Amino acid sequence: MSDTPPDRLSVNPASPHHDAEVLARGVGIRFKGEEKTNVDEYCVSEGWVRLAVGKRVDRKGNALTVKLQGPVEPYFQSGVVEGDAEG
């Protein structure tokens, strides 16, 4: 697996940009220099993020989001997990 997160990623499983393996590693987002924890989707090349607006949902159960423009810096929160060490 690469040490750089993908250009575009979504947490919504119905999205074509959803990648469960990458999300399992833990992806952090810096948007305009600030840590964001409510990012629903991002695109580095186009320079935008979709942020969840509170706990509101639409009639289909999807989170309501707002799209903001600006510099996006994704990073992995931890290294590659080789295996679980229990004990």
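In this report, we go over the structure that sits alongside the text. (Residues numbered from 1 in each chain as written. Predicted model: local features only at pLDDT ≥ 70, side-chain atom pairs only at ≥ 80, totals over all residues. Heavy atoms only, no water.)

1. Quick look at the nonpolar core
The nonpolar side chains of a soluble globular protein tend to be buried, and buried together. Listed in full, the 11 residues of the largest apolar core are L9, V22, V27, I29, F31, V39, Y42, V49, L51, V72 and F76. Of all the elements in the fold, those that place two or more residues in this core are β2 (27–31), β4 (39–43), β5 (48–57) and β7 (72–76). Sequence-distant contacts of Y42, that is, excluding residues within four places in its chain, are made with P5, P6, D7, R8, L9, V27, I29, W48, V49, V72 and P74. (Core = buried A, V, L, I, M, F, W, Y, C linked by side-chain atoms within 4.5 Å. Buried < 20%, exposed > 50% of the residue type's maximum accessible area, 1.4 Å probe, protein only. Helix = DSSP H or I, 4+ residues; strand = E, 2+ residues; numbered from the N terminus. Contact = heavy atoms within 4.5 Å.)

2. A short note on unusual backbone geometry
Of all residues except glycine, most have a negative phi; of all peptide bonds, most are trans. Unusually for a residue other than glycine, K32 sits at a positive phi of about 55 degrees. In this fold, K32 is placed in the loop between β2 and β3 (34–36).

Function cannot be inferred from these measures alone, as they are strictly geometric.
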